[in-house]
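# Understanding the architecture of this molecule
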Amino acid sequence: MNIMLFHSAFGLRPAVEAAADRLRAAGHEVWTPDLFEGRTFDTVEEGMAFKDEIGKDELLKRAVLAAAPYSDRGLVYAGFSFGAATAQTLALGDDKAKGLLLLHGTSDIAEGVAVDELPVQLHVAEPDPFETDDWLTAWYLQMGRAGADVEVYRYAGAGHLYTDPDLPDYDAEAAEATWRVALGFLETL
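None of these values were measured; they are calculated from a predicted model.

## A few points about the packing of aromatic side chains
- Evaluated as defined, the whole model comprises seven aromatic pairs.
- Where Phe36 meets Phe41, the ring centres are 6.1 Å apart and the plane angle is 75°; that geometry is what we call edge-to-face.
- Ring centres of Phe41 and Phe50 lie 5.1 Å apart, and the angle between their planes is 40°; on these two criteria the pair is classed as tilted. There is no split in this pair, since Phe41 and Phe50 are both buried.

Laid out in structure tokens, this is it:
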């Protein structure tokens, strides 16, 4: 598969490159665009402030420009938290998208979006302060109405960005379970 992997609000950190390497080792071609142009952050608050400073439209433009040269190949869009939200927006707007792999995040779904059984897999902590139960229920129903084929995996007791070994949220068991399931998902596409 051809995978466009977007970083979280922490920026393009070593954990994102390690994830890309894991995907490459499984036989996938992976791109990791740097939407923050080299900036990384130690706290989610700093990263979110920088994200807000750049602005949603500019970040979406950067993501579209990063994906455009490869979209004819049929991309799987993937991302971590903020990057998952970005991946979701692009996948729902790309009729050639092969799949959507969301790690730690989702996004609003534009009115009238329709996809043709787009395979979607979400991995999220339970509970997650950024992805509440009510939000996830509404998101799941909206994705289904849009035509997506959605699987949701919850990880009890894990922190928000539990796959990043350099952050306090890291949970080795939940991270390994996530990667095992996600790699299996990618093999089905």
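## Looking at the nonpolar core
- Ranked by internal contacts, the top residues of the largest apolar core, which has 34 residues, are Tyr77, Leu100, Val120 and Met143.
- Of all the elements in the fold, those that place two or more residues in this core are strand E1 (2–6), helix H2 (44–54), helix H3 (56–67), strand E3 (75–80), helix H4 (82–92), strand E4 (99–103), strand E5 (119–126) and helix H5 (133–146).
- Sorting elements by how many residues they give to this core places H4 first, with six residues.
- Leaving out residues up to four positions away in the same chain, Val120 has contacts with Leu100, Leu102, Trp139, Met143, Ala148, Asp149, Val150, Glu151 and Phe185.
- Leu12, Val76, Phe80 and Leu101 belong to the second-largest nonpolar core, a separate cluster that totals 21 residues.

## Describing the environment of Ala20
- Examined against the element boundaries, Ala20 turns out to sit in helix H1 (residues 14–25).
- Overall, Ala20 belongs to the buried group, its relative accessible area being 0%.
- For Ala20 and Met4, which are 16 residues apart along the polypeptide, the C-alpha to C-alpha distance reads 9.4 Å.
- Those residues in contact with Ala20 that lie beyond four places of it in its chain are Leu5, Val30 and Thr32.

## Here we look at the packing of H3 against H4
- Two numbers describe how H3 lies on H4: the axes approach to 11 Å, and their chain directions differ by 65°. With respect to the hand of their crossing, H3 and H4 are arranged in right-handed fashion. Here H3 contributes Leu59, Leu60, Ala63, Val64 and Ala67 to the contact with H4, which in turn contributes Phe82, Thr86, Thr89 and Leu90.

## Section: the environment of His123
- Mapping His123 onto the fold places it in strand E5.
- Owing to a relative accessible area of 0%, His123 belongs among the buried residues under this scheme.
- Each C-alpha atom of the pair His123 and Glu187 lies 17 Å from the other, and the pair is 64 residues apart in sequence.
- Those residues in contact with His123, other than ones at most four positions away along the chain, are Leu101, Leu102, Leu103, His104, Tyr153, Tyr155, Tyr162, Thr178, Val181 and Ala182.
- A distance of 2.8 Å separates a polar atom in the side chain of His123 from a polar atom in the side chain of Tyr155.

## Re a nonpolar patch on the surface
- Taken together, the side chains of Tyr140, Leu141 and Val152 present a nonpolar region at the surface, about 260 Å² in accessible area.
- Tracing the backbone through its elements, the reader meets Val152 in strand E6 (residues 149–156).
- Val152 gets classed as partly exposed once you look at its relative accessible area, which sits at 35%.

## Observations concerning the side chain of Arg62
- By the element assignment, Arg62 lies in helix H3.
- Under the relative-accessibility criterion, Arg62 is labelled buried at 19%.

## Looking at the pattern of salt bridges
- The final tally for this structure, using the stated rule, is nine salt bridges.
- Between Arg24 and Asp21 there is a salt bridge whose closest N-O contact spans 3.0 Å. You can see Arg24 and its partner Asp21 sitting in helix H1, three residues apart, about one turn around the helix.
- Residue class for Arg24 comes out partly exposed when judged on its relative accessible area of 34%.

How each quantity is defined
Sequence order as written defines residue numbering, which begins from 1 separately in each chain. It should be noted that, the model being predicted, local features are given only for residues of pLDDT at least 70 and side-chain atom pairs only at 80 or more, the latter also being counted only at that level, while totals for whole chains, interfaces and linings use all residues. Heavy atoms throughout the structure, all of them, feed into the side-chain values; hydrogens and water do not. Stacked, edge-to-face and tilted labels apply to pairs of Phe, Tyr and Trp rings (six-membered ring for Trp) whose centres lie within 6.5 Å, assigned for plane angles under 30 degrees, over 60, and everything in between, in that order. Relative accessibility thresholds used throughout: buried, under 20% of the residue-type maximum; exposed, over 50%; partly exposed, between the two (1.4 Å probe, protein chains only). What we call a nonpolar core is a set of buried Ala, Val, Leu, Ile, Met, Phe, Trp, Tyr and Cys residues that are connected through their side-chain atoms within 4.5 Å. In this text, helices come from DSSP runs of H or I with a minimum length of four residues, and strands from runs of E with a minimum of two, each type numbered from the N-terminal end. Note on contacts: a residue pair qualifies if any of its non-hydrogen atoms lie within 4.5 Å across the two residues. What counts as an axis is a line fitted to C-alpha atoms, over the stretch in contact for a helix, and the angles between N-to-C directions run from 0 to 180 degrees. With the far helix as reference, a near helix turned anticlockwise by less than a right angle produces a left-handed crossing, and one turned clockwise produces a right-handed crossing. Polar contacts, as used here, are pairs of N or O atoms within 3.5 Å; protein pairs need one atom able to donate a hydrogen and one able to accept it. Residues neighboring in sequence count only if both atoms are side-chain atoms. Patches here: salt-bridge-free residues with over 30% relative accessible area, like charges joined within 9 Å, nonpolar side chains (Val, Leu, Ile, Met, Phe, Trp, Tyr) joined within 5 Å. Residue-level accessible areas treat just the shown protein chains as cover; the underlying method is Shrake-Rupley with a 1.4 Å probe. The salt bridge criterion pairs a side-chain nitrogen of Lys or Arg with a carboxyl oxygen of Asp or Glu, the two atoms within 4 Å.

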